[in-house]
Amino acid sequence: MVILVHAALAVLAPAVELQEERATHLGLYIGTIDALVRPVAVDFGPAGDVDRALWVAERGDTVTEPGLRALDGVDGSLGGKTTTARTLVRRGVGTLAEPSGLAVSRAGEVWATDSALHSLFRFTADGEHEVVAGMGSGAGELLFPEGVTLLESEDGTLRRVAVADAGNGRVQLFDPGAETWTVLDADDLEWPSAVAFFGDASDGSAASRVAVCDASRHKVVTFALDGSDVQTFSDWGPFPSFVSSPGGIDTTDGLLFVSDTENHRVQAFDPNRDGRLDYRFGVHAIRPGEGAGSFHYPRGIAIDANGNLMALAEPMDGRIQVFGRAEGHVPKEDPTRAGLGSPSAHLGPVAAASGQFLATVSPESHRVTIHDVRGERPVKIAELFGFGRRLGALRGPSGVWLADGGSKLIVADSGTRRLTRATLRVDPDETLRQRPELAIYEDAVRLDALEFPPDQRPDRERPWVAPLPGAVCTYESPNGTRIAVIDRANEVVLLLDEVLDPVRVLSLGPARPTGLVPSPRGGLLVAAAGRAGGHVFEFDATGTLLHEFGTDVLAQPAGLAARADRIWVTEPLRDRVEVFELTDDAAAPPEHVGGFGGRGLGRKRFHGPTDACVLGDGRLIVIDHGNHRGQIFTPDGEFDAGFGSRLYVAPLRAEDE
Amino acid sequence: MASSSTRSVEGLVVGSLTAVVLIGCGDVDSRDAGDGPAADTTTETSHDDGPPKGQQRATSSRSTFDFTITPDHGSYPLNEPFGVTVELFDHTTGERLTEFSEATIDARMPAHKHGMKHDVELVPRPDGTYRAENMLFHMVGHWEIHLDVTRGAKVERAQTSVNLEF
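Residues numbered from 1 in each chain as written. Chains lettered and ligands numbered in written order. Predicted model: local features only at pLDDT ≥ 70, side-chain atom pairs only at ≥ 80, totals over all residues. Heavy atoms only, no water.

Our focus in this paragraph is the overall build of chain B. Looking only at helices and strands, chain B has zero helices and ten strands in total. Reading chain B from its N end, one meets helices and strands in the order β-β-β-β-β-β-β-β-β-β. Out of the 166 residues in chain B, the part that is buried amounts to 49%. Long-range pairs, those at least 24 residues apart, make up 60% of the contacts in chain B between residues at least 6 apart in sequence. Just so you have it, chain B exposes about 7500 Å², and 49% of that area is on carbon and sulfur atoms. (Helix = DSSP H or I, 4+ residues; strand = E, 2+ residues; numbered from the N terminus. Buried < 20%, exposed > 50% of the residue type's maximum accessible area, 1.4 Å probe, protein only. Contact = heavy atoms within 4.5 Å. Areas by Shrake-Rupley, 256 points an atom, 1.4 Å probe, with all protein chains shown as cover.)

Laid out in structure tokens, this is it:
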């Protein structure tokens, strides 16, 4: 949302008076715009001749390219219906790779961040564009930028552009007039995901503060435009006033409306009363596709200049829900939709299996779940780790690996940029039971504090930045066991030895690594996504690139699984699993032999399958992340069983009836 | 600064207490047997010429350092603050460990997924030992004591454990 100075003056009155004056609240569901392709950010603003269009940043898929889209007719006329909206104009198609933030000025300029290109773009009203900031960690440089917002004067002069510079753990303010940047890293921001300008009622200044959602620390931080007077509120948790990975923020009525992504709701905080919760609305969508005020990982949020409309983007469900005003200072309580509960323990997105254990990651609860897989279906026996910074705690689990019969666990944490190792107590004769003391946390290493030799870094124009860990695995090299971990920031694979010292960097050219697994032939398989499609790279045990395969089949692969003669690659955007077989010719790349999938809830149907792994008995597990479940397939490829959320597993079982 | 949960537990009654002291060795191979803390070994250390009563010694997970921990008064009380004296040694040379950037102490109950009710700090003393004051085991059950040493990019843990029983 664009903050206008005159609009901000409206919030100068004491908060209590505001409450009394405010006869309505924002939060009445009025309709849904669907058929969008992973919409992550929204903003209201002009597009062509339309004064108030709804702009949306879409991540795209294998059919629709990523870009920006202005939609018409997003207003009270939606009448509670779900509908598509007419596209007025598109921007950034062919330019943007992974749009992550969006803000529109009164003059129709569109500012967009791109987390894959690590850049801030400005699109003029006539469609021209320029890169305002590129990749790096200096002033005016960005790393995984997310939210962006604008501060304009009443005459339309653009005063500041605020960018949530997530990968650098800071907010940057751009002054377009002076063309200067101010770096604000107040209160140890870790992963700022969204920003908003707002007024400060206490000193009479207008739109003089910045509010930031920190998705890693699960807090809202506010400070003055010069970075002073820092105030922080909220914390991680499911209860009212707590947040979990907040992914969007905007303001009206003197309140900060936070898209509480992993709690599946919107919360309205009063920044002038120490961040006290004013009200909340929305509950977790339980049934597949459920909406009309039920949310599924809401992210970008925008409120129009009049404060009468709110749009909320839900990338996983390809939709935007729209809300208007309703009678009363706060929503009426609905006891059947209280919205309370424990942290949602969704399955995935990554998993690993070895011996009698299956490890899945639950990012929302910052835990790694250990399942016993000696029976027909996995049975949860332990929840390891938890939210925190100490050894044995996580801020953002991004990779998991099990080895040595399940006794060795490695977890990658993008929040602390750390790898943690633990020993699991394995006993094949153990009676099936809960085992809360299963793990001993042993050691950890901060990847951003390791020195990888400059001559091993890829020869690119982009700078080397602090590594951000993703998927992790181990494999055997001639010189011993190697830990391979994807570095999402530098788009390489980092190799460490058994004492966690850096060994080598594996470069994949311009492709972005997404998943890895030991190769059945020794060495390493790495899945990667590029602008032109997907690949799997096969390295031998010495780290020499042997093959690149799957290019004609894969779009944006995510996870990998492998056993003696077969490799499976998950494709979240296509809801498919592609299958490759090793040939008798050891020098030849694996051959594509088929695949299965498609969007849906039935057997061999998926919603964004993010990873896969193979159990000791040869069965394949596919992490059906968007459907909150896993599907198990026999070594012959037949559906065997499902596990996970009961409502999502039920359709799998129903096919037996 | 060590970290711990701030979860509050009230209403415990301190009864007659038995503290079974257990040691968790950092040697990974020796940990794999049994369901309790690996290499847990009961130690009753109250010899005149031996280590102080209640002292435990453990080796870190990668066998790079050892530590001893000695509770004040030789035992761990239930639901009463206590202090501990900690010494750190290089595992290879046996000399005091000096090359590290940070050492922290924490205690947790893995079965309950929580730790102590507040953080405690490990404070160096002129004689080369460390003190942690105001530790509190507020529940009966199995407590793990974690000693984490940070050197450069790496942090490594040694741990002992204690079973508090009525």
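Now that the structure has been shown, we can carry on.
The subject of this paragraph is the sheet that holds strand β6 (residues 82-83) of chain A. All names here are of chain A. Taken in spatial order, the five strands make up an open sheet running β6-β2-β29-β28-β27, and their pairing is mixed. Looking at the sheet topology across the chains shown, the edges are occupied by β6 and β27 (301-303). Pairing of strand β28 (residues 310-314) with strand β29 (residues 319-327) involves five bridges; the strand directions are antiparallel. Residue pairing for β29: Met-310 is matched across the bridge by Phe-323. (Pairing = 2+ DSSP bridges.)

Moving on to the side chain of Asp-260 of chain A. Of note, Asp-260 of chain A is situated in strand β22 (residues 255-260). Aside from chain neighbours lying at most four places away, what touches Asp-260 of chain A is Phe-242, Val-243, Ser-244, Pro-246, Arg-265, Gln-267 and Pro-298 of chain A.

The next subject is the packing of aromatic side chains. All names here are of chain A. Here the structure, examined in full by the defined rule, presents 24 aromatic pairs over all chains. Each residue in the set Tyr-29, Phe-257, Tyr-279, Phe-281, Phe-295 and Phe-323 is aromatic and connected to the rest through ring pairs, giving one cluster. One residue, Lys-604, lies across the ring of Phe-596, its end atom 5.3 Å from the ring centre. (Phe/Tyr/Trp six-rings, centres within 6.5 Å; stacked < 30°, edge-to-face > 60°. Lys NZ or Arg CZ within 6 Å of the ring centre and 35° of its normal.)

Turning our eyes to something else, we now look at the sheet that holds strand β19 (residues 219-224) of chain A. Residues and elements named next belong to chain A. Spatial strand order, β17-β18-β19-β20: four strands in an open sheet with antiparallel pairing. Of all the strands in the sheet, the pair left with one neighbour each is β17 (192-198) and β20 (231-233). The average angle at which neighbouring strand axes cross in this sheet is 20°, direction not considered. In this sheet, strand β18 (residues 209-214) lies alongside β17 in antiparallel orientation, the contact comprising six bridges. Counterpart to Ala-196 in the pairing with β18 is Ala-211. (Axes fitted to C-alpha atoms, helices over the stretch in contact; angles between N-to-C directions.)

Residue and element names in this part refer to chain A. Positive phi values are uncommon outside glycine, yet Tyr-297 reaches one of about 50°. Tracing the backbone shows Tyr-297 in the loop between β26 (294-295) and β27. The buried category is assigned to Tyr-297, whose relative accessible area is 10%. The phi dihedral of Glu-491 is positive, around 55°, even though this residue is not glycine. Along the chain, Glu-491 turns up in the loop between β39 (480-487) and β40 (492-496). Residue classification places Glu-491 among the buried residues on the basis of a relative accessible area of 7%.

Take empty space enclosed by the protein next. Residues and elements named next belong to chain A. Tallying each qualifying case throughout the model produces two cavities of 30 Å³ or more. In this structure, the largest cavity occupies an estimated 190 Å³ of space. Around the largest cavity sit 23 residues that line it, and Leu-102, Gly-147, Val-148, Ile-249 and Ile-301 are the ones nearest its centre. Counting residues per element, the ones that place at least two in the lining of the largest cavity are β3 (39-47), β8 (99-104), β13 (145-152), β17 and β21 (248-252). The class makeup of the residues in the lining of the largest cavity is twelve nonpolar, eight polar and three charged. (1 Å grid on protein atoms, 1.4 Å probe; cavity = no way out; pocket = protein on both sides within 12 Å on 5 of 7 lines; lining within 4 Å. Points joined across faces, edges and corners; volume = space filled by probe spheres on them. Nonpolar A, V, L, I, M, F, W, Y, C, P; charged D, E, K, R; others polar.)

Residue and element names in this part refer to chain A. Considered for burial, the residues of helix α3 (residues 646-654) that qualify are Tyr-648, Val-649 and Leu-652. Seen along its axis, α3 keeps its buried residues to an arc of 95°; they face one direction. As for α3, its buried residues are in contact with β52 (629-633) and β53 (639-644). (Arc of directions from axis to C-beta.)

In summary, soluble globular proteins display a tendency toward joint burial of nonpolar side chains. Judged by nonpolar contacts, the single largest core of 70 residues is most densely connected at Ile-370, Leu-384, Leu-409, Val-493, Leu-496 and Leu-524 of chain A. When near neighbours in sequence (up to four residues on either side) are disregarded, Val-493 of chain A contacts Ala-484, Val-485, Ile-486, Arg-504, Val-505, Leu-506, Leu-508, Leu-516, Leu-524 and Val-526 of chain A. (Core = buried A, V, L, I, M, F, W, Y, C linked by side-chain atoms within 4.5 Å.)

Below, the discussion takes up the environment of Lys-380 of chain A. All names here are of chain A. Secondary-structure assignment places Lys-380 in strand β33 (residues 379-385). Sequence separation of Lys-380 and Arg-435 is 55 residues, and the distance between their C-alpha atoms is 9.3 Å. When near neighbours in sequence (up to four residues on either side) are disregarded, Lys-380 contacts Thr-369, Ile-370, His-371 and Gln-434.

The next subject is the interface of chain B and chain A. The interface of chain B with chain A comprises 25 residues on the first partner and 25 residues on the second. Here chain B packs against chain A, burying approximately 2200 Å² in sum over the two surfaces, 43% of which is carbon and sulfur. Across the chain B-chain A interface, the total number found is four salt bridges. Two residues, Asp-443 of chain A and Arg-62 of chain B, come together in a salt bridge whose shortest N-O distance is 3.0 Å. Seen at the junction of chain B and chain A, the total is eleven residue pairs in polar contact (both at pLDDT 80 or more). (Buried area = accessible area lost by both parts, 1.4 Å probe. Salt bridge = Lys/Arg side-chain N within 4 Å of Asp/Glu carboxyl O. Polar contact = N/O pair within 3.5 Å; in protein donor to acceptor, adjacent residues only side chain to side chain.)

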